[in-house]
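Structural features, examined
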Protein chains: 2
Amino acid sequence: MKKIHIIGLGLLGGSFALALKKVKPEYIFTGYDSNPKNVEDALALGIIEESAEQPHDDTDLIVLATPANTLEEILLETLDQVGPSTLVMDFGSTKENLCKAVSQHPKRAQYLAGHPIAGTEYSGPKAALADLLDKKVFIICEMELTDVHLKAIAYEVLESLNMKLRFMDPEEHDRHLAFVSHLSHVSSFMLGKTVLDKMEDEKNIFDMAGSGFASTVRLAKSSAEMWAPILEENKSNVLEALSLYIANLSKFRDKIIADDYDGLKGEMKKINKIGDILDLGR
Amino acid sequence: MKKIHIIGLGLLGGSFALALKKVKPEYIFTGYDSNPKNVEDALALGIIEESAEQPHDDTDLIVLATPANTLEEILLETLDQVGPSTLVMDFGSTKENLCKAVSQHPKRAQYLAGHPIAGTEYSGPKAALADLLDKKVFIICEMELTDVHLKAIAYEVLESLNMKLRFMDPEEHDRHLAFVSHLSHVSSFMLGKTVLDKMEDEKNIFDMAGSGFASTVRLAKSSAEMWAPILEENKSNVLEALSLYIANLSKFRDKIIADDYDGLKGEMKKINKIGDILDLGR
């Protein structure tokens, strides 16, 4: 029997508990959220059995699943308080600042820097799904800095969720995520804004959304409370990705202005390759 | 019994025939495609019963479902040749140039300017789906210029496919589509390019695609042969949409540079409204 405490009872924290309960019904979950409504919902949905601001002393694993800009403070405080046999793991979308902040902590070896590559555009405990993490990638940074025995707790849990472990440096993680995830969100939000600014008639937007818009704008439904902090934490990488994206759009626009449709066609054909990459796993 | 001839046996032309055959098994379909492999596939898949470069004289409806930049020539030629009881309808993604080109044709009243708002990122007859058009919007431009008796053929067919008819000016159509559809494709292609240029390791792209990338980049799998002509046909509207998009991205970047995270948050919250609009129909 294991005791798990979750701080941040939203989409990820909630999905993690729901999934784990299915395969490990003997586990006991406690949890906390700064929003009392989330605690109430998490109890009602069976995400946690008990609301507790502090984890019990014999908790095996503490999971931090709060917005990116809150993690540093919560992680350092949590490590200050835990006993020697508790592992602290986070689910943050950025890793570089966090790993730096914790690097000199005397209990650094009790921390595992993690990031499950899964999500939806919805948030909060009611958005949690028992199959959200199933077969998804879980990135671990600086795995060599975590105590080998405590690490085993995380591996057991992540394996029972069918997650695929990947290992990378925090810097590499943040750079890649800026391109593959954070830029996608910015591009989607700005697409939503461009359409909303221009088209006053909402019925027209809805009627024509089937033409590809619904898919590209999906991420613009995402929580601003969650995403502003991610952009803040990963500022330099996001700015690099965003600047390259704007430059590519501008060059593409220049080709349209110049009526260089063969050039556009050639470029689009090269980019079609992305389909093969995304279909790798099928 | 009706005879329908389809020119362009790809995703849309093929899906149209497959859907109509389900509800109207008595209809007979002939068709043509400049690519002999598409004709062969369309015959094998039961999209058409007979390959024919020219429609039979007693054909009731000719559907043009070829790339946007080929439609003008095919439409004018087809109208030149048809008898008085045949309706010609197109499925093109742009309408302004086409409606202008046909405006002085002596058989203008035998043409219906249409655009089904449906598609996938795949193309060709093998990508055709019998349910692709089901309950989707079908936009008709300049409906008042089509002969009332011939129009009835189109309405009967479109209604039996459960399509929702919307009416708009060709100029309005092209302006809206530039924002809701064409810009989505450009944003998606350039997102794909930005990520491909930067991340050499394809395995990393694949591993992290779950983080929102797969959805926003989906349209970058689309056919270059189909999309370059659409950008060409709708050049001025696409340039306007693309310039506004780039300006919005640049302003968003400025806010990140200025550490204005409250500004970013406020902006993202406003854009979240797009979710309510897209969910209108649910």
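Residues numbered from 1 in each chain as written. Chains lettered and ligands numbered in written order. Predicted model: local features only at pLDDT ≥ 70, side-chain atom pairs only at ≥ 80, totals over all residues. Heavy atoms only, no water.

Looking at an unreviewed UniProt entry, one finds chain A named Prephenate dehydrogenase and attributed to Belliella kenyensis.

Attention now moves to the side chain of B:His176. Looking at the secondary structure, you find B:His176 in helix α6 (residues 170-198). According to the relative accessible area criterion, B:His176 is buried, its value standing at 10%. Excluding residues within four positions of it along the chain, B:His176 makes contact with A:Met199, A:Asn204, A:Met208 and B:Met168. (Helix = DSSP H or I, 4+ residues; strand = E, 2+ residues; numbered from the N terminus. Buried < 20%, exposed > 50% of the residue type's maximum accessible area, 1.4 Å probe, protein only. Contact = heavy atoms within 4.5 Å.)

Bringing the relation of the copies chain B and chain A into the picture now. It takes a turn of 180 degrees to lay chain B on chain A, together with a shift of 0.0 Å along the axis; the resulting RMSD is 0.0 Å. Between the two chains, the operation in question is that of a two-fold axis. The position closest to the rotation axis in chain B is occupied by the C-alpha of B:Thr216, lying 2.1 Å away. (Least-squares fit on C-alpha atoms with pLDDT ≥ 70 in both.)

Further remarks concern the sheet that holds strand β1 (residues 3-7) of chain A. Residues and elements named next belong to chain A. The strand order β3-β2-β1-β4-β5-β6-β7-β8 describes an open sheet built from eight strands, whose pairing is mixed. Only two strands of the sheet have a single partner each, and these edge strands are β3 (50-51) and β8 (164-168). Examined bridge by bridge, strand β7 (residues 137-141) and β8 share five bridges and lie parallel to one another. Of the residues in β8, the one forming a bridge with Val137 is Lys164. Across the sheet, helix α1 (residues 11-23) is in contact with β1, β2 (28-32), β4 (61-64), β5 (87-90) and β6 (111-116); its angle to β1 comes to roughly 160 degrees. (Pairing = 2+ DSSP bridges. Axes fitted to C-alpha atoms, helices over the stretch in contact; angles between N-to-C directions.)

Another point: the pattern of salt bridges. For the structure shown, the criterion picks out 38 salt bridges over all chains. The shortest N-O distance in the salt bridge between B:Lys198 and A:Glu240 comes to 2.6 Å. Of the two residues, B:Lys198 sits in helix α6 while A:Glu240 sits in helix α10 (residues 235-257), which places them in two different chains. Residue classification places B:Lys198 among the partly exposed residues on the basis of a relative accessible area of 31%. You can call A:Glu240 partly exposed: its relative accessible area is 29%. B:Asp134 is the salt-bridge partner of B:Lys135, the closest N and O atoms lying 2.9 Å from each other. (Salt bridge = Lys/Arg side-chain N within 4 Å of Asp/Glu carboxyl O.)

Now for the nonpolar core. Core analysis: the largest hydrophobic core is formed by 116 residues, its most contacted members being A:Phe213 and B:Phe213. Leave out the neighbours within four places in its chain, and B:Phe213 touches A:Val180, A:Ser184, A:Ile274, A:Leu278, B:Leu191, B:Val195 and B:Ile205. (Core = buried A, V, L, I, M, F, W, Y, C linked by side-chain atoms within 4.5 Å.)

To continue, consider the interface of chain B and chain A. Often, the extent of an interface is quoted as the loss of accessible area on bringing the components together. Counting residues at the interface gives 92 residues for chain B and 92 residues for chain A. For the pair chain B and chain A, the two sides together bury roughly 8,900 Å², of which 71% comes from carbon and sulfur. Of all residues in chain B, B:Val180, B:Met208 and B:Leu278 give up the largest surface area on contact with chain A, accounting jointly for 7% of the area buried on that side. There are twelve salt bridges connecting chain B and chain A. One salt bridge connects A:Arg166 with B:Asp207, and the closest N-O pair in it is separated by 2.5 Å. Ranked by residue count, the leading element in the side of chain B that touches chain A is α6(B), at 22 residues. (Buried area = accessible area lost by both parts, 1.4 Å probe.)

Let us look at the domain arrangement of chain A. All names here are of chain A. We note that the domain assignment places domain 1 (3-168) and domain 2 (173-278) within chain A. For domain 1 versus domain 2, the separation of C-alpha centres amounts to 30 Å. Residue-level contacts link 17 residues of domain 1 with 17 residues of domain 2. For domain 1, the biggest contributors to the area lost against domain 2 are Ser93, Thr94 and Glu121; these three give 39% of the whole. If you look at where domain 1 meets domain 2, you find two salt bridges. When the shortest N-O distance is used, the salt bridge between Glu121 and Lys221 registers 3.6 Å. Residue assignment for the side of domain 1 that touches domain 2 shows that the elements contributing at least two residues are α4 (96-102) and β7. Broken down by class, the residue content of the side of domain 1 that touches domain 2 amounts to seven nonpolar, seven polar and three charged. (Domains from an automatic or database assignment. Nonpolar A, V, L, I, M, F, W, Y, C, P; charged D, E, K, R; others polar.)

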